[in-house]
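Below are the chains, spelled out letter by letter.
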Amino acid sequence: MSASVGLVVPAFRPDVDRLTAYVRSLDEALAPDAIRIELDDADDRVAAALSDLPATVHLSPYRRGKGAAVTAGFEALDTDVLGFVDADGSTAPGEFADVLAAITDGGANVAVGSRRHPDSTITSHQTFARRFLGDGFAWLARRMLDADLYDYQCGAKAITAESWEAVRQHLYEPGFAWDVELVAMAGALELDVAEVPITWEDKPGSTVSPVRTSVRLARALFSSRHRAKQIRNSRVHNAIAATREDPTALVDKHD
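First, a word on scope: everything that follows refers to the structure included in this document. Because the structure is a prediction, the values reported are computed rather than measured.

With that settled, the discussion passes to the pairing of strand 7 (residues 156-160). Taken across its five residues, strand 7 has five buried, putting it largely inside the fold. Pairing between strand 4 (residues 81-85) and strand 7: five bridges, direction antiparallel. Bridged to Val-85 within strand 7 is Ala-156. Summarising the sheet, strand 5 (residues 110-114) and strand 7 pair through three bridges and their orientation is antiparallel. When the sheet's bridge partners are listed, Ala-111 is paired in strand 7 with Ala-158.

The subject of this paragraph is helix 4 (residues 93-104). End to end, helix 4 covers 16 Å across 12 residues, agreeing with the expected 16 Å (1.5 Å per residue, within 8%). Taken together, the buried positions of helix 4 are Pro-93, Glu-95, Phe-96, Val-99, Leu-100, Ala-102 and Ile-103. When helix 4 is viewed along its axis, its buried side chains cluster within an angular range of 160° and face the same direction.

Most often, soluble globular proteins keep nonpolar side chains buried together rather than apart. Grouped together as the largest cluster of nonpolar side chains are 34 residues, with contacts concentrated most on Val-9, Leu-19, Ile-37 and Phe-96. Listing elements by their share of this core, those giving two or more residues are strand 1 (5-12), helix 1 (16-30), strand 2 (34-40), strand 4, helix 4, strand 7 and strand 8 (193-197). A total of six residues in this core trace back to one element, the largest contributor, which is helix 1. Aside from chain neighbours lying at most four places away, what touches Val-9 is Leu-19, Leu-26, Ile-35, Arg-36, Ile-37, Glu-38, Val-85, Asp-86 and Ala-87. Among the nonpolar cores identified, the runner-up in size contains 32 residues, and Phe-74, Phe-84, Leu-145 and Leu-171 belong to it.

Our next topic: the sheet that holds strand 4. An order of 3-2-1-4-7-5-8 is seen for the seven strands of this open sheet, with the pairing classed as mixed. The two strands at the open ends of the sheet, each matched to only one other strand, are strand 3 (56-59) and strand 8. Across the sheet, the mean angle separating the axes of adjacent strands is 20° when strand polarity is ignored. As paired strands, strand 1 and strand 4 are joined by four bridges and run parallel to one another. The partner of Val-8 across the bridge, within strand 4, is Phe-84.

With five of its five residues buried, strand 4 lies for the most part within the structure. Burial along strand 4 is two-sided: the face carrying Val-81, Gly-83 and Val-85 and the face carrying Leu-82 and Phe-84 are both buried.

On to the packing of aromatic side chains, then. Within this structure, the stated rule accounts for four aromatic pairs. Pairing Trp-164 with Trp-178 gives two aromatic rings, centres 6.4 Å apart and planes at 50°, and the pair type is tilted. Taken together, the residues Trp-164 in helix 6 (residues 161-167) and Trp-178 in helix 7 (residues 178-188) connect sequence positions 14 residues apart. Each member of the pair Trp-164 and Trp-178 is classed as buried. Here a set of aromatic residues connected by ring pairs shows up, and it is made of Phe-74, Phe-84, Trp-164 and Trp-178.

Parameters and conventions
Residue numbers here run from 1 along each chain, matching the order of that chain's written sequence. Under the rules for a predicted model, residues below a pLDDT of 70 receive no local features and side-chain atom pairs below 80 are neither given nor counted, while totals for whole chains, interfaces and linings still include all residues. Remark: hydrogens and water are excluded; side-chain values derive from all non-hydrogen atoms of the structure. Each residue is placed in one exposure class: buried if its accessible area under a 1.4 Å probe, protein chains only, is under 20% of its type's maximum, exposed if it is over 50%, and partly exposed if it falls in between. Strands are runs of DSSP state E lasting at least 2 residues, helices are runs of H or I lasting at least 4, and numbering of each runs from the N terminus. Strands pair, by our definition, only if DSSP identifies at least two bridges between them. The length a helix should cover is 1.5 Å for every residue beyond the first. The arc in question is the one traced by the directions running from the helix axis out to the C-beta atoms. As used in this record, nonpolar core signifies buried Ala, Val, Leu, Ile, Met, Phe, Trp, Tyr and Cys residues forming a set joined through side-chain atoms within 4.5 Å. Contacts were defined at the residue level, with two residues in contact if any of their heavy atoms lie within 4.5 Å. Each axis is a line fitted through C-alpha atoms, and for a helix only the stretch in contact is used; angles between axes span 0 to 180 degrees, taken between their N-to-C directions. Note on ring pairs: Phe, Tyr and Trp rings are taken, using the six-membered ring of Trp, and paired if centres are within 6.5 Å. Classes follow the plane angle, with under 30 degrees stacked, over 60 edge-to-face and the rest tilted.

Rendered as structure tokens:
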């Protein structure tokens with residue numbers, strides 16, 4: 001029997017026309033069992049514009065952050081495979097099909113779309129600053145985490161429901177750093193992480209500041225490494241953790 005698939009699309013003040021077209025194309029190309037739009041800082045106008053889509057729209061009156069939104073979406077789904085794509089449509093449905101296939105056909109626990117893989121194709125490039133900061137972050141992450149990837153931040157990932165149960169209590173980052181945290185915890189738990197090269201198109205209108213986000217990512221990388229070492233039962237990192245107050249995992253926070 002084929003695995004059921006649920007998709008989450010996190011969105012913050014989206015371009016409604018672009019999001020509408022993207023969700024319809026995901027439904028037509030992939031025929032998932034469920035699509036869930038996690039809409040942050042929502043207003044009635046946007047919600048009404050999305051009401052006819054083949055998707056469940058969950059509204060948050062404030063900005064939770066990408067990580068918190070995807071986590072909430074995954075928690076609400078009951079499918080065998082959980083996936084998410086960014087709302088700007090940078091990952092075409094056909095490309096995300098390859099990410100899903102790494103799990104449904106290839107047997108991976110986690111599948112990560114990759115813009116920086118040698119076999120990837122970039123049809124519209126980011127600014128030099130974003131490329132430089134992104135390449136530098138990937139270089140550092142490869143040296144600090146158990147999962148050895150070219151790209152940790154691409155907004156196209158999927159995970160089995162069973163693997164989600166294993167990692168969900170180890171996720172704390174509410175924003176864009178959630179991507180690297182997910183990969184870090186999967187690596188520490190010795191899950192099979194597949195990196196899938198994709199064709200990717202940078203879309204204009206990003207709400208992400210390259211410099212501010214890079215600082216946050218760097219902090220998250222060190223904290224993710226610390227928690228990964230705890231999972232690996234490092235005496236040093238367990239001792240450090242014992243001196244600090246335990247944070248609250250995203251799944252234990254409530255709106």
